[in-house]
Amino acid sequence: MQYQQLIEATLATKSYGTSPKELYDPIEYIMSLGGKRIRPLFVLAGCDMFDVDVNNALPAALAVEIFHNFTLVHDDIMDEAPLRRNKSSVHKKWNNNIAILSGDVMLVKAYQELCRSDATLLPQLLNVFNDTAVKVCEGQQLDMNYESLFKPSIPQYLKMIELKTAVLLGGSLKMGALIAGVDEKNAQLLYEFGKYIGIAFQLQDDILDVYADVEKFGKQKGGDIVANKKTFLLLKAMEMAEGKRYTKEELHQWISAPNVAAAEKVEAVTAIYDFLNIKELARAEMKKQYDTAIKFLNEVKANPAKKANLVALADSLMVRES
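Just so it is clear, the model here is predicted, and its values are computed rather than measured.

### With respect to the overall build of the protein chain
Looking only at helices and strands, one finds 16 helices and two strands in the protein chain. For 322 residues, the compact-globule estimate of 2.2 N^0.38 gives 20 Å, and the protein chain sits close to it at 20 Å. Taken along its principal axes, the extent of the C-alpha atoms in the protein chain is 60 × 50 × 30 Å. A total of 322 residues make up the protein chain; the buried ones form 55% of that total. Sequence separation of 24 or more characterises 74% of the internal contacts of the protein chain that already satisfy a separation of 6 or more. Accessible area of the protein chain: about 14500 Å², with a carbon and sulfur share of 53%.

As C-alpha cells, this is what we get:
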C-alpha cells in the first residue's frame, strides 16, 4: 500500500535524539520493530477519503504512531511482557527505569510531531488527541483494576478495550477527517467506525494470543492465560462453565493454581476453551463489532471508492494468522 510506504519512508528519516544513548536508543529500537502501522494509516485514510492531499495529515499520522508505541513501552512494563513483535520488550532489553523515561520522551515527541500540523487546525486536533490519550490511560487503569476482580462482566471488559485500544483507531480517523476539513458529523461517524473496528481487532488479539502461531503473531503464546488476564475468552469460559460443575471447578483450579508450569496451564485452559466452543463464540462477538463499524461507515458522506479502500484496509486487519 502506497500510504504504508510513505509512513515507513518518513519514519526511516526520523531522528529522535542521540545523547544520552540510554534514553534514545530504546526509542529507535521500538520504532524500528515495525508492525502494521494501523493508526497512522487510519489518519491518512481519514484524510484521503475526502480527496485531500494526505501529506497534510502526515504529522498527525506520525504523532499517533509515536504515541501508540509509547503506550506499548509502558504497557509492557505493567504487564511484565517479555516480548513485543517477537523481540525483547524495551524493559527486558534495558530495564524498567530506562523504559519509563524513554516512553516519557516519546510522548513529548508525539506532541512535537502533531504541532507540525496546520496551525488553524491544531486546537481541534489537540482536543481529539488529548481526549484519546486520556481514554487510553483510563482503559489501562481499568485493565489493571480487573486483575484483582475475579470475574468482571463482559460489558465491563468491552468498555475497557474500547478505551484502551479502540479509541485510538477512532481518534486517528477523526483527526484525518478534520485535516481534510469535513464537518463534525462525518468526522464523528468515522470515529465510531474506527472505535468498533478497534474493539473487533482487540477481540481478535485475544483469540490470537491463545490460538496463533507465536512465530507469526510475535507474542508469548498463551501469555494471557499464564497471567490470568481477564480476556473475552476467559470471561466467556467462566460464563459458559456455569451449570457445568466439573468444568467450572477445573477452570477455577487452573486460574488459582500456584507455581504451575506455563505450558501445562496454557494447554489445559485451551482444552477447556475448546470444550466450551469459546473460540467460535469470541469470533461471533468480533463479527458483531465489525458489522457495527461498517454500519457507521455506510453513513459517511465521502468518495465511495475511498470508503471501499477503507473497508479493504479494515478487512486486511481482520485477516491474521489464527
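What follows continues from the structure just given.
### Some points on helix 13 (residues 245-256)
With 12 residues, helix 13 ought to run about 16 Å at 1.5 Å a step, and its terminal C-alpha atoms sit 17 Å apart, in line with that. Looking at helix 13, one finds that the buried residues are Thr247, Leu251, Trp254 and Ile255. The buried residues of helix 13 occupy an angular sector of 105° when projected down its axis, which confines them to one face. Turned more than 90 degrees off the buried face of helix 13, the exposed positions are Arg245, Tyr246, Gln253 and Ser256. Taken together, the buried residues of helix 13 touch helix 12 (232-241) and helix 14 (262-275).

### With respect to the pattern of salt bridges
All told, the structure shown has 21 salt bridges when counted by the stated rule. Taking the shortest distance from any N to any O, the salt bridge between Glu162 and Lys195 comes out at 4.0 Å. One end of the pair, Glu162, is in helix 8 (residues 154-179); the other, Lys195, is in helix 9 (residues 184-211), and 33 residues separate them in sequence. Glu239 serves as the salt-bridge partner of Lys236, at 2.9 Å between the closest nitrogen and oxygen. Here Lys236 and its partner Glu239 are both found in helix 12, three residues apart, which amounts to about one turn of the helix. By relative accessible area, which is 16% here, Lys236 ends up buried. Residue class for Glu239 comes out partly exposed when judged on its relative accessible area of 37%. Connected through shared salt-bridge partners, Asp79, Asp143, Lys164 and Lys229 make up one network.

### Considering the confidence of the model for the protein chain
When pLDDT is averaged along the protein chain, the result is 93; 96% of the residues meet or exceed 70. Mean pLDDT across the secondary structure elements of the protein chain bottoms out at helix 10 (residues 214-217), with 55, and peaks at helix 6 (residues 96-114), with 98.

### A look at the packing of helix 3 (residues 38-48) against helix 16 (residues 304-317)
Remark: helix 3 packs on helix 16, axes separated minimally by 10 Å, with the N-to-C direction vectors making an angle of 165°. Overall, the two elements helix 3 and helix 16 adopt an arrangement that is roughly antiparallel. Taken as a pair, helix 3 and helix 16 cross one another with a handedness that is left-handed. Contacts between helix 3 and helix 16 involve Ile38, Leu41, Phe42, Ala45 and Asp48 on the former and, on the latter, Lys306, Leu310, Leu313 and Leu317. Tallied by class, the residues present in the contact of helix 3 with helix 16 amount to seven nonpolar, no polar and two charged.

### Structural notes on the state of the cysteines
Note: disulfide means a covalent bond formed between the sulfur atoms of two cysteine side chains. All chains considered together, the criterion is met by zero disulfides. In this model Cys115 remains outside any disulfide bridge; the closest cysteine sulfur is found in Cys137, 18 Å from its own. By relative accessible area, which is 52% here, Cys137 ends up exposed.

### Notes on the packing of aromatic side chains
Tallied over the full model, the rule gives five aromatic pairs. With a centroid separation of 5.4 Å and an interplanar angle of 65°, the aromatic rings of Phe67 and Phe129 are classed as edge-to-face. With a gap of 62 residues between them, Phe67 in helix 4 (residues 58-79) and Phe129 in helix 7 (residues 122-147) connect regions that are remote in the sequence. Given the relative accessible area of 2%, Phe67 is considered buried. Among the aromatic residues, ring-to-ring pairing joins Phe67, Phe70, Tyr111 and Phe129 into one connected group. If you follow Lys93 out to its NZ or CZ, it ends over the ring of Trp94, 5.6 Å from the centre. Lying over the aromatic face of Tyr191, Lys174 brings its terminal NZ or CZ to 6.0 Å of the ring centre.

### Describing the packing of helix 1 (residues 2-12) against helix 3
Across the interface, helix 1 lies against helix 3 with an axial gap of 10 Å and an inter-helix angle of 125°. Classed by the angle they form, the pair helix 1 and helix 3 counts as oblique. Regarding helix 1 and helix 3, the two cross each other, and that crossing is right-handed. Residues Tyr3, Gln4, Leu6 and Ile7 of helix 1 lie in contact with helix 3, whose contacting residues are Pro40, Leu41, Leu44 and Asp48. For the contact of helix 1 with helix 3, the residue count by class is six nonpolar, one polar and one charged.

Cut-off values and rules
- One numbering rule holds for all chains: residues counted from 1, following each sequence as written.
- Local features in this predicted model are restricted to residues whose pLDDT is 70 or higher, and side-chain atom pairs enter the listing and the counts only when it is 80 or higher, whereas totals over whole chains, interfaces and linings include all residues.
- Side-chain metrics in this entry use all non-hydrogen atoms of the structure; hydrogen atoms and water are not considered.
- By the criteria applied, helices consist of DSSP H or I runs no shorter than four residues and strands consist of E runs no shorter than two, each listed in order from the N terminus.
- It is over C-alpha atoms that the radius of gyration is taken, and the globule rule equals 2.2 Å times the number of residues to the power 0.38.
- Any residue under 20% of the maximum accessible area for its type is buried, any over 50% is exposed, and the rest in between are partly exposed; the area is computed with a 1.4 Å probe on protein chains only.
- We call two residues in contact when some of their heavy atoms are within 4.5 Å.
- Working definition of accessibility: Shrake-Rupley area with a 1.4 Å probe, residue cover restricted to the visible protein chains.
- Each helix should span, by expectation, one fewer than its residue count multiplied by 1.5 Å.
- The directions considered for the arc run from the helix axis to the C-beta atoms.
- For this document, the term salt bridge refers to a Lys or Arg side-chain nitrogen within 4 Å of an Asp or Glu carboxyl oxygen.
- Predictor confidence is given residue by residue as pLDDT, running from a minimum of 0 to a maximum of 100.
- Think of each axis as a best-fit line through the C-alpha atoms, taken over the contacting stretch in the case of a helix, with angles from 0 to 180 degrees between the N-to-C directions.
- An angle below 35 degrees is read as roughly parallel, one above 145 as roughly antiparallel, one from 65 to 115 as roughly perpendicular, and any other as oblique.
- Left-handed describes a crossing in which the near helix is turned anticlockwise from the far one by less than a right angle; the clockwise case is right-handed.
- As a working rule, the residues Ala, Val, Leu, Ile, Met, Phe, Trp, Tyr, Cys and Pro are called nonpolar, Asp, Glu, Lys and Arg charged, and the rest polar, with Gly in that last group.
- By definition, disulfides here are pairs of cysteine sulfur atoms that lie within 2.5 Å.
- What counts as a ring pair is set by centres within 6.5 Å for rings of Phe, Tyr and Trp (its six-membered ring), and what kind of pair is set by the plane angle: stacked under 30 degrees, edge-to-face over 60, tilted for all other angles.
- Each ring is checked for a lysine NZ or an arginine CZ that lies within 6 Å of its centre and within 35 degrees of its normal; such an atom marks a charge sitting over the ring.

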